[in-house]
Amino acid sequence: MPSSADLPAPATTVTVPDTELASDATQLVRDTTDDLIYHHSRRVYFFGELQGHHRRLSFDPELLYVAAMFHDLGLNEEFRGSGRRFEVDSADEARRFLQSRGVPEDSIRRVWTAVALHTTPGIPAHMEPEVALVTAGVEYDVLGIGYHDISEADRTAIVALHPRPDFKRRILKAFTEGIAPKPETTFGNVKADVLERYVPGFTRGDFVDTILDSAWPE
């Protein structure tokens with residue numbers, strides 16, 4: 001099998017930051033996740049960075065990379081009993097990683113927010129570029145939003161570096177397995193759709209019922 005050095009680079013120059021922080025993030029995610037999440041996370045970075053160039057945004061590639069790499073870490077088995085949204089587990093792991101390496105708090109905040117909000121449509125696009133671009137990368141790779149904003153040459157090169165065999169089915173399976181043990185965390189977010197489709201007996205929380213059934217007497 002060819003190494004990444006033998007494969008085509010994206011036509012638009014996009015590279016992984018050549019820093020110790022980025023290298024450590026790569027190694028951690030490679031060691032703790034499977035190929036599905038690793039390759040997806042790398043594609044999220046590449047697609048997010050390309051979208052950033054197209055939108056003429058000024059952003060920190062290193063922070064974008066770390067956020068992209070950590071964004072789905074909370075789907076891992078060790079977090080399934082946390083009782084928290086997987087996005088928050090992912091964001092907390094990114095924060096611990098960055099704090100242990102002395103990264104400034106404002107940078108940590110941006111990464112935490114980018115990871116925590118990556119499944120919350122309509123908000124990230126109005127925040128810092130790193131926050132907006134993690135969501136843009138996720139939406140591109142998972143949902144195909146803005147599919148034609150990136151050239152076929154770039155798309156082909158990125159997928160050659162980080163293949164996506166049977167990706168739609170496999171990522172939905174990963175979402176299901178990561179979230180089904182804590183179904184209450186899907187209230188009010190898009191992952192309720194996943195459990196409703198794939199977990200027999202799941203009933204999504206209803207916002208209206210929550211209001212009407214609250215302890216308030218009136």
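Structure's up top.
What counts and how
Residues numbered from 1 in each chain as written. Predicted model: local features only at pLDDT ≥ 70, side-chain atom pairs only at ≥ 80, totals over all residues. Heavy atoms only, no water. Helix = DSSP H or I, 4+ residues; strand = E, 2+ residues; numbered from the N terminus. Buried < 20%, exposed > 50% of the residue type's maximum accessible area, 1.4 Å probe, protein only. Contact = heavy atoms within 4.5 Å. Phe/Tyr/Trp six-rings, centres within 6.5 Å; stacked < 30°, edge-to-face > 60°. 1 Å grid on protein atoms, 1.4 Å probe; cavity = no way out; pocket = protein on both sides within 12 Å on 5 of 7 lines; lining within 4 Å. Points joined across faces, edges and corners; volume = space filled by probe spheres on them. Nonpolar A, V, L, I, M, F, W, Y, C, P; charged D, E, K, R; others polar.

K.L.:
How would you sum up the side chain of Thr-26? Please name residues and give values.
P.N.:
Assignment of secondary structure puts Thr-26 in helix 1 (residues 20-32). Taking the relative accessible area as the measure of exposure, Thr-26 reaches 17% and is therefore buried. The contact partners of Thr-26, leaving out residues within four places of it in the chain, are Tyr-38, Arg-42, Tyr-65 and Met-69.

K.L.:
I'd like a rundown of the packing of aromatic side chains, residues and numbers included.
P.N.:
Evaluation of the coordinates by the stated rule reveals five aromatic pairs. Here the aromatic rings of Tyr-45 and Tyr-65 are separated by 5.0 Å at their centres, their planes lie at 85°, and the arrangement is edge-to-face. Taken together, the residues Tyr-45 in helix 2 (residues 35-54) and Tyr-65 in helix 3 (residues 61-70) connect sequence positions 20 residues apart. Per residue, the accessibility class of Tyr-45 equals that of Tyr-65, and both read buried.

K.L.:
Got a sec to walk through the layout of surface pockets? Specific residues and values, please.
P.N.:
Here the largest pocket is characterised by a volume of approximately 580 Å³. Forming the boundary of the largest pocket are 30 residues, of which Val-138, Val-142, Leu-143, Phe-175 and Lys-191 lie nearest the centre. Among the elements of the structure, helix 2, helix 6 (129-143), helix 7 (152-161), helix 8 (167-179) and helix 9 (191-198) are those that each provide at least two residues to the lining of the largest pocket. A total of seven residues in the lining of the largest pocket trace back to one element, the largest contributor, which is helix 6. Taken together, the residues that form the lining of the largest pocket break down as 15 nonpolar, seven polar and eight charged.

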